[in-house]
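Each chain is listed here by its residues.
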Amino acid sequence: MNSINWDSLGFDAYRTRTIIFSKFSGGEWSPFEATENFSFTFDPFSQVLHYAISCFEGLKAFRQKDGRIAIFRPDQNAARLKRTADYLGMPGPSQELFIKMCEACVRNNLKYLPPYGHRASLYLRPILMGVHPQMQLVPYPEAIFAVMCAPVGSYYGEHLRSFAAVIPGNYDRAAPKGSGSYKIGGNYAATFKPYQLAHKQGYTELLYLNSCTREFVDEFGSSNFFGIKGNKYITPLSDSILPSITNKTLQEVAADLGMEVEKRPVPVDELAGFDEAAACGTAVVITPMSHIDIKPVLEEPGIERSYRYRPDGEVGPVCTQLYKQITGIQFGELEDRHYWCYYI
Ligand SMILES: Cc1ncc(COP(=O)(O)O)c(C=O)c1O
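Heads up: these notes are all about the structure in this document. (Residues numbered from 1 in each chain as written. Predicted model: local features only at pLDDT ≥ 70, side-chain atom pairs only at ≥ 80, totals over all residues. Heavy atoms only, no water.)

1. Digging into the site of the ligand
Part 1 of the argument: Near the ligand lie 16 residues; those nearest to it are Y188, E219, S244, T246 and T282.
Part 2 of the argument: Within the contact set of the ligand, an oxygen atom lies 2.8 Å away from a side-chain nitrogen or oxygen of R80.
Part 3 of the argument: A distance of 2.6 Å is found between an oxygen atom of the ligand and a side-chain nitrogen or oxygen belonging to T246.
Part 4 of the argument: When atoms are counted within 2 Å of each cavity's grid points, the one that captures over half of the ligand is the largest pocket.
Part 5 of the argument: Sorting the residues of the shell around the ligand by element identifies helix 6 (245–256) and strand 15 (276–281) as the ones contributing at least two each.
Part 6 of the argument: For the shell around the ligand, the residue count by class is 4 nonpolar, 8 polar and 4 charged. (Near = heavy atom within 4 Å. Polar contact = N/O pair within 3.5 Å; in protein donor to acceptor, adjacent residues only side chain to side chain. 1 Å grid on protein atoms, 1.4 Å probe; cavity = no way out; pocket = protein on both sides within 12 Å on 5 of 7 lines; lining within 4 Å. Sits in = over half its atoms within 2 Å of the grid points. Helix = DSSP H or I, 4+ residues; strand = E, 2+ residues; numbered from the N terminus. Nonpolar A, V, L, I, M, F, W, Y, C, P; charged D, E, K, R; others polar.)

2. Here's the deal with the environment of N187
Part 1 of the argument: Mapping N187 onto the fold places it in helix 4 (residues 185–189).
Part 2 of the argument: With 117 residues separating them in the primary sequence, N187 and E304 have C-alpha atoms 26 Å apart.
Part 3 of the argument: Aside from chain neighbours lying at most four places away, what touches N187 is R173, S179, G180 and Y182.
Part 4 of the argument: Within the local environment of N187, its side chain forms a polar contact with the side chain of S179, the two groups lying 2.7 Å apart.
Part 5 of the argument: At 2.7 Å, the side chain of N187 forms a polar contact with the backbone oxygen of Y182. (Contact = heavy atoms within 4.5 Å.)

3. Examining a nonpolar patch on the surface
Part 1 of the argument: Judged by side-chain polarity, F45, Y51, M135 and L137 come together as a nonpolar surface patch covering roughly 460 Å² of accessible area.
Part 2 of the argument: Looking at the element boundaries, M135 is found in the loop between strand 7 (121–130) and strand 8 (143–152).
Part 3 of the argument: The exposed category is assigned to M135, whose relative accessible area is 57%. (Patch = residues over 30% accessible without salt bridge, like charges linked within 9 Å, V, L, I, M, F, W, Y side chains within 5 Å. Areas by Shrake-Rupley, 256 points an atom, 1.4 Å probe, with all protein chains shown as cover. Salt bridge = Lys/Arg side-chain N within 4 Å of Asp/Glu carboxyl O. Buried < 20%, exposed > 50% of the residue type's maximum accessible area, 1.4 Å probe, protein only.)

4. Section: the side chain of E262
Part 1 of the argument: Turning to its location among the elements, E262 is positioned in strand 14 (residues 260–263).
Part 2 of the argument: Overall, E262 belongs to the buried group, its relative accessible area being 18%.
Part 3 of the argument: Once residues within four sequence positions are removed from consideration, E262 is found in contact with K232, Y233, I234 and T235.

In short, shape yes, function no, at least from these values alone.
The following block contains the structure:
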């Protein structure tokens, strides 16, 4: 292995040492195994390939200040994966199996766990795939559950810097009463093209509205949304957004800091009244937005409205404080009073 430059890590697929996996067939999960073979073999008729019967999770392991290793809130990811698996009609791993496999993945790839002091971590990517060869549109209890990992630094290339987002008038992410609140692969497929268009025009993120009426803010393509107004932390309540574990954590962090937390529908016009606006998630941590533009047609020139929060690149005081608080807990620099860290 070439030595890793822990300070220049981005957020990319990485060939570590092992993947941990288990197979579900005949009504049960096989004992999990570690493999150095980075390719899976399954039938070309497998449900995952044709019907996107696939869901995943994302969580991080941290080398803390005192040398201990902590996985951040794995019980929450286990519960969310189970919920998503149920939605897809797939067998999901129990919380115990999920956590044991995440732990095994960290232990088997310790060389790739960034040392303390680089603001980097080991991202764990559990994935559940329906592998039964089948044309009928019905679930079948046959699946592979695997946990892989990658050392990661900053999702957007720089920690705590603000970026620009765009609300695309001609693209939606999730249908009302659809799959938006589940972490299924198919939800992300719909974002690839608009991301490409947005990036070409200098926007880093896509902010989606509720697709039914387009009156309310839903979430970013990669993360949840929150806005800061005075002493308030405001985040959308919507049944078509992913229930973010980072957002849930930040709501508690904000309350601990004496802020008022509001989880409710956020009308688009309210974007004008925020002091700060940001994306939050495991990968993006807290990524503030310098401004958010509305473009009626993403691929054409023309901005309908623009909401400016900060000069490009700059970050507001509340986002800075929340960022320091959550990463401080993750790296063991601040007290973990809610017992969010799972030590291995
Ligand atoms: C669409 C979407 N929303 C929100 C999040 C944030 O969720 P979490 O904080 O659990 O990582 C993610 C991913 O992490 C996501 O992909």
